[in-house]
Amino acid sequence: MDDPLLANLTQAQQDAVLHVDGPLLILAGPGSGKTRVVTHRIANLLRTGIHANRILALTFTNKAAEEMRRRVERLAPGKPVWVSTFHRFCAKLLREHGRLVGLNENFTIYDTSDSQSTLKRTIDLLDIDTGHFTPQQIAHHISWAKNNLIPAAQYQPRPGHPLGAVVAKIYPAYQQALLQANAVDFDDMLLHVAMLLRENPEVRTLLDARFRYILVDEYQDTNLAQYAIVRALSMDYPNLSVTGDPDQSIYGWRGANLSNILEFEHDYPDVNVVRLEQNYRSTKAILRAAATLIAYNKKRKEKDLFTDNGEGDPVRLTTYFSNREEAQSIASRIVSDIRAGRRRPRDFAIFYRVNALSRSLEFAFRDAGVPYQIVNGVEFFQRQEIKDVMSYLRLLNNPSDDEAFLRVVNTPARGIGKTSLKRLAEHARSHRVPMLALAGRAETVEGLGKKPVAALREFAILIDRLSQLTLKPVEELLGHVLSESGYQAHLQASDEAADEERLANVEELLTVARDFDERTPGEGHLEEFLEEICLVNDTDFLDGEEDRVTLMTLHASKGLEFPVVFLTAVEHGLLPHERSREHPDELEEERRLMFVGMTRAQEELNLSMARYREFRGQRRLTVPSQFLMELPVAEFERNEAAENVWHDFAEYPAGPGSSTSDDHHFGDDSHAEQGTDDDGGDISFDVDSFDAPTAPTKSAAAPAPNYALQTAAQLAGHDRSQGAPPAVSPDVFHQGMVVRHPEYGVGKILALSGAGVKRMATVSFPTHGQKKFMLAVSPLRPVKG
DNA sequence: ATTCGCAAAGTTTTT
DNA sequence: CTTTGCGAAT
């Protein structure tokens, strides 16, 4: 076989690649070359003469989309296949067809915190009695309803369900608030598109014909709304191919519906099913252990995982005395492997069930000088100052965005208080008018004081003035926002240390804007900028090339692989998590989670638990995870760093379908130990001969520098060595800087735009007003102080 | 209108 | 042990 698309592929893989028309289900075990098969299949479709714009590939994450796009581009250069996340795809459709569901094309996408505060505001404004339910619980239930295609108008509470009764009151009001603000939450994007396709057959037919070939990745994680969308687009042309692994479904709690994949064959009777069961990633020992565990699940499609890889080291299972010993021992193992030249830091990954467990590992790694990075959630774009500034931009793009209005109307303080805003909000709601519009004629609102009215009107004028600039490059617009809103001055005037950091973050955002501007030449891309920002995740910026040990939750590990994996805290109450105790379905999901974690390992897999674990400030005696009893521990290498705890195991029932007795679980106070401060679990090893401690990089610390600077071409675009060298490099100028001009005197930089020799500055002079300069040739010079 | 202090709660989180 | 949110106090 000399077909390059089929070279080195197994029969099963070739079957999938060569499949053209009709439904296709690819059941792909971990490490089975799934992405390769999918991209090769796309290349094959293109080769048979199918137009690139007839093909749509949907993924869940930006990362996956980017990876797929990259690989398709390599196989079939110059064919712009639409590879997108579900949400981006839906956003695009809604910009085009949103009118059908009551949205203007400039709608705003609310992130979780925006939705949350809209929800709270709605509850507050309508004075709805929520009983003892928290807004989170209500939000979660609304989200559940949306994911299950139940729009507000059709929501019926189940009789006898108090939460349902509360939601029945709030959901419609919340939805109205969103629509009023011309905004959607994440779930809406899917729900709106699903409803739109259901209720507008002509649109559905059109789109079905447009997207003849649809490929869905991670199909086991689709929810009902996503399922409905994909189905609606594959009726006249049922060339739908889905890829997934029921055993790797770990997002059930977010509405993912396992039956979508389990019943795919039922939905499409003529489906071609391909099983990719050969694993190219792990050793036999690792795969065998993982397969043994997952076999305990009942709701699954049985797969026969195998590999031609070697047997490899036995899986290691270590019981430590304490979590501290666990962390230190892992750190020292890593140190010695690196020092011996066997491994590099990036070869290692440490997984845990909950973020809070990263703590002792961090300490141990810092002490041992192990360079590490944590994949977690303190996100750059969620920071207060970034959200504030972004809210200004949002308001400019969508004047109905009440959430953005409320966020910035008194930021910095303009003397507009809570009471005034509540009056304004009530009036705006009852008259169904955006708050910003009402602010412009605040005098018509009863009960507002003189000062607030004046301040509100002035704010409206400010926004109006800034809206004249929305076609400008985002960086420049942002500059004007920062200086003219007084936001930057407010941060600069502050003497709080935190505000200095905020200022730096705002600078970072300017850099992000600049990168965006360079990637998207032309006018009027504000909306795209906003959409891009709210649909990215900070881990999208995590640099896989960094030579660091990676720490992350089991959930975050999906889709990745590492030579050496440490799976920590395999303890009852954590894995499986305590909260899954009641529901058998959730227990199966926990088992899948462990399965996912184990199958990330290529060469070495280390499972560990601690006899005592400090968690939430308390030291507790732990109970081994029941999953350990479902694993072939007899063939493991078992280490007991502390006293023997394995005799306890005899008391536990084992075997499929059984569960541990209820009287031992994490969080059971009867096991709380008090007064022991020293766990004595010290492990000593030579720290000095290793490199100096390296500061950890948090994904949130500085996403911007990597942002969009990943290709050589883009890096080349940054080359500023060409062109006439200015007396002062254009790069020394920054937004808000005070500069001197020989003729106009001293002024302040309002905004910057462009790059290299074309970099422009807008400067405001007290005596001569605003002027624009080309920095490379201008006589502007920074003024010190 | 901010700031401080205390109470309460605390999985996972592709977008 | 944290973080977060709310209410009271300046």
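Residues numbered from 1 in each chain as written. Chains lettered and ligands numbered in written order. Predicted model: local features only at pLDDT ≥ 70, side-chain atom pairs only at ≥ 80, totals over all residues. Heavy atoms only, no water.

**A word on the packing of helix α6 (residues 135-147) against helix α8 (residues 186-199)**
Put simply, α6 and α8 touch, their axes get as near as 9 Å, and they point 25° apart. Between α6 and α8, the angle falls in the class roughly parallel. Pair α6 / α8 crosses with left-handed handedness. Residues Ser-143, Lys-146 and Asn-147 of α6 touch α8, and the partners they reach there are Asp-187, Asp-188 and Leu-191. Classifying every residue of the contact of α6 with α8 by side-chain character gives 1 nonpolar, 2 polar and 3 charged. (Axes fitted to C-alpha atoms, helices over the stretch in contact; angles between N-to-C directions. Helix = DSSP H or I, 4+ residues; strand = E, 2+ residues; numbered from the N terminus. Parallel < 35°, antiparallel > 145°, perpendicular 65-115°, else oblique. Left-handed = near helix turned anticlockwise from the far one by under 90°. Contact = heavy atoms within 4.5 Å. Nonpolar A, V, L, I, M, F, W, Y, C, P; charged D, E, K, R; others polar.)

**Observations concerning the packing of aromatic side chains**
Taken as a whole and assessed by the stated rule, the structure comprises 18 aromatic pairs. On the basis of an interplanar angle of 55° and a centroid distance of 5.4 Å, the ring pair of Phe-60 and Phe-86 is categorised as tilted. Of this pair, Phe-60 sits in the loop between β2 (55-59) and α3 (62-75) while Phe-86 sits in helix α4 (residues 86-97); the two residues are 26 residues apart in sequence, bridging distant segments of the chain. What makes Phe-86 buried here is its relative accessible area of 1%. Ring geometry for Trp-82 against Phe-89: centres 5.3 Å apart, planes inclined by 65°, an arrangement best described as edge-to-face. (Phe/Tyr/Trp six-rings, centres within 6.5 Å; stacked < 30°, edge-to-face > 60°. Buried < 20%, exposed > 50% of the residue type's maximum accessible area, 1.4 Å probe, protein only.)

**Notes on the environment of Leu-357**
If you trace the backbone, Leu-357 turns up in the loop between β12 (348-352) and α15 (358-368). As a C-alpha pair, Leu-357 and His-141 span 216 residues in sequence and 28 Å in three-dimensional space. Residues contacting Leu-357, with those up to four places away along its chain left out, are Tyr-352, Ala-569, Leu-574, Arg-613 and Phe-615.

**Observations regarding the packing of helix α1 (residues 11-18) against helix α2 (residues 34-47)**
Where α1 contacts α2, the two axes come as close as 7 Å, and the packing angle between them is 40°. As the angle between them shows, α1 and α2 are arranged oblique. Where α1 crosses over α2, the handedness of that crossing is right-handed. Taken together, the residues of α2 that come into contact with α1 (itself represented by Gln-13, Ala-16, Val-17 and Leu-18) are Val-37, His-40, Arg-41 and Asn-44. For the contact of α1 with α2, the per-class residue count stands at 4 nonpolar, 3 polar and 1 charged.

**As for the protein's contact with DNA strand B**
Not every one of the 25 residues close to DNA strand B is listed here, only the nearest: Arg-254, Arg-353, Gly-417, Asn-537 and Thr-553. Within the backbone of Asn-62, one N or O atom sits 3.0 Å away from a phosphate oxygen of DNA strand B. Residue Arg-616 places a side-chain N or O atom 3.1 Å away from a phosphate oxygen belonging to DNA strand B. Residues that form the surface near DNA strand B fall into these classes: 8 nonpolar, 10 polar and 7 charged. (Near = heavy atom within 4 Å. Polar contact = N/O pair within 3.5 Å; in protein donor to acceptor, adjacent residues only side chain to side chain.)

Scope: geometric values only; no functional claims are made or implied.
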